[in-house]
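Observations on chain architecture
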Amino acid sequence: MKKKILLAALIIISLVGNAATKADFSGVEFGVNYAEASQQLETLFGIPTATSPTQIAYKNKEHLGLTFNDVVFNFQKNNEGKTFLNEARLTRKVATKAEARQQVEEMAKRLSERYPGTSWDLEENGNKFYKGGTSPVNNSYLFTIYMYRSNGQYLAVLRYGPLPYVK
């Protein structure tokens, strides 16, 4: 009898441990196809500023109570032509490195409320970056928050993914 109970407990633990986690961006689930994501994103943000078969882009949209200059959703495509929402990249453009640092900290603070266990590390250049959440497809983080300089501007970036739906 003890063996049967132990076996049943192990099976339940195994099933729970292997259950697929789901992740979303404001209700738009990662892994959904392009058509479904496009419809949901239009409901959320309106008409996109640019589209391609593997990308949907918006300008000046809000997330987490912050306005992002660029919000880009990327999709993977498999050999059969199926698409999967696998990345959301949100960018805030600022003038100084100090402002970019402050923006990274603010995003991290807001996300750590939703994702306890958000942690930080240092890039090779000494900049702090944050990581957190749980990827629905591999044993990794759902998002990263970081900063960098490009074309004379500093960028603070919140990136969900990329999630490897297509291997």
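Residues numbered from 1 in each chain as written. Predicted model: local features only at pLDDT ≥ 70, side-chain atom pairs only at ≥ 80, totals over all residues. Heavy atoms only, no water.

**Here's the deal with the sheet that holds strand S3 (residues 50-52)**
Within a sheet, each strand pairs with its neighbour through backbone hydrogen bonds, oriented either parallel or antiparallel. The sheet built from 8 strands is open, its strands ordered S3-S4-S5-S6-S10-S9-S8-S7 with antiparallel pairing. Edge strands, defined here as strands with exactly one partner in the open sheet, are S3 and strand S7 (119-122). Taken over all neighbouring pairs, the strand axes of this sheet differ in orientation by 30° on average, direction set aside. Here 8 bridges tie strand S5 (residues 66-77) to strand S6 (residues 83-94), and the two strands are oriented antiparallel to one another. Following the sheet pairing, Gln76 is matched in S6 by Phe84. (Pairing = 2+ DSSP bridges. Helix = DSSP H or I, 4+ residues; strand = E, 2+ residues; numbered from the N terminus. Axes fitted to C-alpha atoms, helices over the stretch in contact; angles between N-to-C directions.)

**Structural notes on the side chain of Thr91**
You can see Thr91 is positioned in strand S6. Contacts of Thr91, omitting those with residues within four sequence positions, involve Phe68, Asn69, Asp70, Leu155, Ala156 and Val157. (Contact = heavy atoms within 4.5 Å.)

**Some words on the pattern of salt bridges**
Enumeration according to the criterion identifies 6 salt bridges in this entry. Note that Arg114 is salt-bridged to Asp24, the shortest N-O span being 3.7 Å. Here Arg114, found in helix H3 (residues 97-114), pairs with Asp24, found in strand S1 (residues 24-25); they are 90 residues apart in sequence, far enough to count as distant. Looking at Arg114, the relative accessible area reads 43%, which means it is partly exposed. Assessed through its relative accessible area of 23%, Asp24 is described here as partly exposed. Salt-bridge contacts for Lys93 lead to Asp70; the nearest nitrogen and oxygen are separated by 3.2 Å. Here the residue Lys93 occupies a position in strand S6, and Asp70 occupies one in strand S5, the gap between them amounting to 23 residues. Asp70 sits in the buried class, given a relative accessible area of 14%. In the salt-bridge network here, residues are joined through shared partners; they are Lys59, Asp70 and Lys93. (Salt bridge = Lys/Arg side-chain N within 4 Å of Asp/Glu carboxyl O. Buried < 20%, exposed > 50% of the residue type's maximum accessible area, 1.4 Å probe, protein only.)

**Thoughts on helix H2 (residues 34-45)**
Helix length check: H2, at 12 residues, gives a terminal C-alpha distance of 15 Å against a target of 16 Å (1.5 Å per residue), a fit within 8%. Turning to H2, its buried residues are Ala37, Ser38, Leu41 and Phe45. One side of H2 holds all its buried residues, which, seen down the axis, span an arc of 100°. Seen from the open side of H2, the exposed residues pointing more than 90 degrees away from its buried face are Ala35, Gln39 and Thr43. Buried positions along H2 lie against S1, strand S2 (28-29), strand S4 (55-63), S5 and S6. Where H2 begins, the capping side chain belongs to Asn33, and its oxygen is found 3.1 Å from the backbone nitrogen of Ala35. After H2 finishes, the residue Gly46 shows a positive phi value of roughly 95°. (Expected span 1.5 Å × (residues − 1). Arc of directions from axis to C-beta. Polar contact = N/O pair within 3.5 Å; in protein donor to acceptor, adjacent residues only side chain to side chain.)

**Structural notes on the environment of Thr96**
By the secondary structure assignment, Thr96 is in the loop between S6 and H3. Take Thr96: its relative accessible area is 35%, and that puts it in the partly exposed class. As a C-alpha pair, Thr96 and Tyr154 span 58 residues in sequence and 6.1 Å in three-dimensional space.

**With respect to the nonpolar core**
Ranked by internal contacts, the top residues of the largest apolar core, which has 35 residues, are Phe30, Phe73, Ile145 and Tyr160. Among the elements of the structure, H2, S4, S5, S6, H3, strand S9 (143-150) and strand S10 (153-160) are those that each provide at least two residues to this core. Setting aside residues no more than four positions away along its own chain, Phe30 makes contact with Ala23, Asp24, Phe25, Leu85, Asn86, Glu87, Ala88, Leu142, Tyr160, Leu163 and Tyr165. (Core = buried A, V, L, I, M, F, W, Y, C linked by side-chain atoms within 4.5 Å.)

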